[in-house]
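If you want the building blocks of each chain, they are given just below.
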Amino acid sequence: MLQTKYEEIVRVDEIGKASSRDVNDLFQFAKKERLSPANTDEKRVLLLGIDIQNDFLEGGSLGVPGSKEDVKNLTKFIYRNMDRITQIAVSLDTHQPMQIFHSEWWRDENGNFPEPFTIILAEDVKKGKWIPQAFPEKSVDYVVQLERAGKKQLCIWPYHCIEGTYGVGLESQFANIVYFHSFVRKTSVKRIVKGNVPATEMYGIFRPEYSKEEMTNTKLLTEVAAFDQILIAGEAKSHCVLESVAQLVEFFEEKGISPSKITVLDDCMSPIPGYEQSTEEAYQRFQEAGVQIIPSKQLIL
């Protein structure tokens, strides 16, 4: 039982805003707690928070509808299971303005930049409708290979999670509970920076959507697989969470590890509008492979 109340750590009305709670205050609260250190856990549980960043919260540059409720559910889950979660890892989508999924990379035959949410089709690029302004051969190959592999087509996103901006930071109230956990369980927060390779999209945390070079983060996959249970939540359910789960399931199947170790917290993530049906179909396939998909309110660790 924690002595510190949930409301002293997380202020629900500040989700998606700058926090009025200082990290030093969290440390003072944490000093009162007497939970056992994480390194004594018999069952090692990892919570993987995918891209829970300011720009993906409602009101952000690429805000996901439902994301504030997701953060509330997730922070309450962490609070209830503070003594059972061994480590928290967070991924941070981190971009530069000049990347293949941003408008600046492309122009049409009249010199116009594509609007956000434009889909860049391989056929249109071949016909000259869309002209890459950097790495032309690599850009053409990229969109062709995406479609050939059955991956998501290249979408032009609003500028988001630009390195050094407010938008790239962890959502404030999620950050509060994460660092409180770090203090009371005497464990470090693992940061996973992704998405900073200019000529490829990187939804999943383990490898890009497509690259000629081998860029799979096998070290990270192995570290994650070493836990007894992996809990996954974040934004967006339809993109970065989905591809991260898919990459992890594929690795588990290759290594003969049961995907039942993976638990997706269904009420702690939301899809980008327009992708709902394909998202649900994908998660149904994960479930058939053995992944547990359950609301955080129903999960008992």
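All values derive from a computational prediction rather than experimental measurement.

Undergrad: Which residues make up the side chain of E14, and what are the values?
TA: Considering the arrangement of structural elements, one finds E14 in the loop between α1 (6–9) and α2 (23–30). Nearest to the buried, unbridged E14 among oppositely charged side chains is R11, at 4.1 Å. Within polar-contact distance, the side chain of E14 engages the side chain of S20 at 2.5 Å. Non-local contacts of E14, meaning those with residues more than four positions away in its chain, are made with S19, S20, E171, S172 and Q173.

Undergrad: Before we move on, could you go through the sheet that holds strand β2 (residues 87–93) and cite the residues and values that matter?
TA: What the six strands build is an open sheet, ordered β7-β2-β1-β8-β9-β10; its pairing is parallel. On the outer flanks of this sheet lie β7 (190–194) and β10 (292–294), each paired with one strand and no other. The sheet shows a mean angle of 20 degrees between the axes of neighbouring strands, direction not considered. Sheet analysis places strand β9 (residues 262–265) next to β10, joined by three bridges and oriented parallel. Within β10, the position partnered with T263 by the bridge is Q292.

Undergrad: Please set out the packing of aromatic side chains residue by residue, giving values where relevant.
TA: Scanning all chains against the criterion turns up six aromatic pairs. When the ring of W105 is compared with that of F135, the centres are 6.0 Å apart and the planes differ by 20 degrees; the resulting orientation is stacked. Of this pair, W105 sits in the loop between β2 and β3 (106–108) while F135 sits in the loop between β5 (130–132) and α5 (136–148), placing them 30 residues apart in sequence. Judged by its relative accessible area of 1%, W105 falls in the buried class. Between the NZ or CZ atom of K237 and the centre of the ring of Y283, over which it lies, the distance is 5.4 Å.

Reading the values: the criteria
Each chain has its residues counted from 1, following the order in which its sequence is written. Side-chain atom pairs in this predicted model are given and counted only at pLDDT of 80 or more, local residue features only at pLDDT of at least 70, and totals for whole chains, interfaces and linings cover all residues. Side-chain metrics rest on all non-hydrogen atoms present in the structure, leaving aside hydrogens and water. Helix numbers and strand numbers start at the N terminus; a helix is a DSSP run of H or I with at least 4 residues, a strand a run of E with at least 2. Throughout, exposure labels follow a simple rule: accessible area from a 1.4 Å probe, protein chains only, divided by the maximum for the residue type, with under 20% read as buried, over 50% as exposed, and the rest as partly exposed. The charged-residue count follows a simple rule in which Lys and Arg add positive charge and Asp and Glu add negative charge, with His and chain termini not counted at all. Definition used for salt bridges: Asp or Glu carboxyl oxygen within 4 Å of a side-chain nitrogen of Lys or Arg. Throughout this description, a polar contact denotes any pair of N or O atoms lying within 3.5 Å of each other; where both atoms belong to protein, one of them has to be capable of donating a hydrogen while the other can accept it, and for residues adjacent in sequence the pair is counted only when both atoms sit in side chains. The criterion used for residue contact is that any of the two residues' heavy atoms lie within 4.5 Å. Being paired, for any two strands, means DSSP has found at least two bridges between them. Interaxial angles span 0 to 180 degrees and are taken between N-to-C directions of axes, which are lines fitted to C-alpha atoms, for helices over the stretch in contact. Here is the rule: rings of Phe, Tyr and Trp (six-membered ring for Trp) pair when centre to centre is within 6.5 Å. Planes less than 30 degrees apart are stacked, more than 60 are edge-to-face, and the remainder are tilted. To sit over a ring, a charge needs its Lys NZ or Arg CZ within 6 Å of the ring centre and within 35 degrees of the ring normal.

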